[in-house]
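# Secondary and tertiary structure notes
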Amino acid sequence: MSVNQSGWRPERPEAGDGDGAGTFTGNRALMLEEALIFEIGDTETTGVDFAPAPAAASRLAGLERRRPIDLPGLSEPEAVRHYTRLSRQNYAIDLGLFPLGSCTMKHNPRLNEKMARLAGFADIHPLQPIDTVQGGLGLIHLVAEWMTALTGMPAVAMSPKAGAHGELCGLLAIRSALEARGDARSVVLVPESAHGTNPATAAFCGYAVENIPATAEGRVDLAALKARLGPDVAAVMITNPNTCGLFERDMRAISDAVHAVGGLVYCDGANFNAIVGRVRPGDLGIDAMHINLHKTFSTPHGGGGPGSGPVVFSDALAPFAPLPFVERTEDGFRLIEEETAQEHHAGSFGRMVAFHGQMGMFVRAAAYLLSHGADGLRQVSGDAVLNANYVLRSLDDLLDAPFGESGPCMHEALFSDSGFADGFTTLDVAKALIDEGFHPMTMYFPLVVHGAMLIEPTETESKAALDQFIGALRSVAERARAGDAALKSAPHFAPRRRLDETLAARKPVLVWKDEAPAEAAE
Ligand SMILES: *Cc1c(COP(=O)(O)O)cnc(C)c1O
């Protein structure tokens, strides 16, 4: 392949990569190098022939297009091959295990997809008359009832569209509740190990964020937390199970201490997968918690969406929950909106989104909930924890498990880079794992562990799949300990070699131009 128009050219493999001396094409076995669609398409051709539009008076008031839009034209097989080849350069949950810790990347049952495509769910509109969408409202109400039952909390807001959006929802309700009692406070406490969205949410809501340290065993330092509590603390945000993969055993004591000084307790429930059906957050004194339907309840995620982050509330916060919400009436369901809220929901802080939430995700979650049932969900968390502990104990002779002595882990296994040869990093291990056919684990998070590697297998992986992944990671870890130089330039067999991570993140080239800037990342 010659240098293409954008100036980009596939990197030539290094000598010794086993590519032989033949002409370099960028192709590798079943994987064909693929140019941009603008480079292979031709603006003069189209894949389909449309009859010319009948001449009609324009309704666009002078806004009609005056020149061709210059989209590349491809025949149908060319278009199909282009996108199929691109898709093969990516990794997917349908291709193999996704070990990303904190992400709960589980199999998405096809049944859920089938249900979400039923016309009665897929083709309804949020502005339809209420009496024509009783089934849709009933489904939202059904998922809401499952959320309150599983968490032991009395109320739920279904509209937030992701975990971070749910955090915002929870903190806005907390702020409304505090302001309603004339006690606006200024500080939110967040543990060191928290997901980055927690401090970001608190700061976005105008709070000053302060860290709570962790103990040597990876849990919130209760004594330090108590010492910091006071009349300026609006809330604490605790992730439970936490991002070290450990259950916060002191949660009840934390909640009691926060309530004693008039504060409220937010729980980041993204890791609910480890305890669903076993622990009810409401019993731990939590006031608000988001649930990631796109993690625990198997709706697809990745690539930015769609997600869904319902938030459950305690009695103290329920009156401040956002609108709208679905209520069961004697003969069906109704939507409580601004006009109807005055009756008993006057404290609501308003709306998170224009309409009712992510309907497609609700249908998928409902299918998952109903097909598992309460017993099945309990088994989900049991199997997820078992799988994570199997990973932890199959690798802790080779990889340092900083909290391995703290007892069994919950849904994810955490390792550090201690023991790697000088100059070898977690990044090298992650890149080498790509050569072994796996998506890398979560790395450098949580920050409390040096060179962290966080692995969450989920319950949907078989023992054979876990063994295959463990084998791959063992071989890479052995090479990192031995200081195998080839690791530093991995991946060797992926469609792209090692990118400049900073440049790729800071200056991504997202728009095709005739000439891409010379210094930009691929
Ligand atoms: C995934 C996650 C979030 C954020 O959820 P999004 O849906 O990605 O916004 C927050 N906290 C933790 C611990 C998470 O794992």
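This write-up is about the structure you can find in this document. (Residues numbered from 1 in each chain as written. Predicted model: local features only at pLDDT ≥ 70, side-chain atom pairs only at ≥ 80, totals over all residues. Heavy atoms only, no water.)

Take the pairing of strand S5 (residues 264-268) next. Remember that side chains alternate between the two faces of the sheet whenever the strand is regular. Here S5 lies mainly inside the structure; five of its five residues are buried. Burial along S5 is two-sided: Leu 264, Tyr 266 and Asp 268 and Val 265 and Cys 267, pointing in opposite directions, are all buried. As defined by bridge partners, strand S4 (residues 233-239) adjoins S5 across five bridges and the pair is classed as parallel. Residue pairing in the sheet places Ile 238 in a bridge with Cys 267 of S5. Between the parallel elements S4 and S5, the chain passes through helix H9 (residues 251-260) in a crossover that is right-handed. Both S5 and strand S6 (residues 288-290) contribute to a ladder of three bridges, which runs parallel. Following the sheet pairing, Asp 268 is matched in S6 by His 290. (Buried < 20%, exposed > 50% of the residue type's maximum accessible area, 1.4 Å probe, protein only. Helix = DSSP H or I, 4+ residues; strand = E, 2+ residues; numbered from the N terminus. Pairing = 2+ DSSP bridges. Right-handed = clockwise from strand over helix to strand, strands pointing away.)

Here we come to the sheet that holds strand S12 (residues 453-455). If you trace the three strands from one edge of the open sheet to the other, you get S10-S12-S11, paired in antiparallel fashion. The sheet is open, and its two edges are formed by strand S10 (413-415) and strand S11 (442-443), each paired on a single side. Where S10 meets S12, three bridges bridge the pair, whose relative direction is antiparallel. Within the sheet, the bridge partner assigned to Leu 414 lies in S12 and is Leu 454. Sheet strands touched by helix H11 (residues 359-395): S10 and S12. Its angle to S10, the strand with the most contacts, is close to 30°. (Contact = heavy atoms within 4.5 Å. Axes fitted to C-alpha atoms, helices over the stretch in contact; angles between N-to-C directions.)

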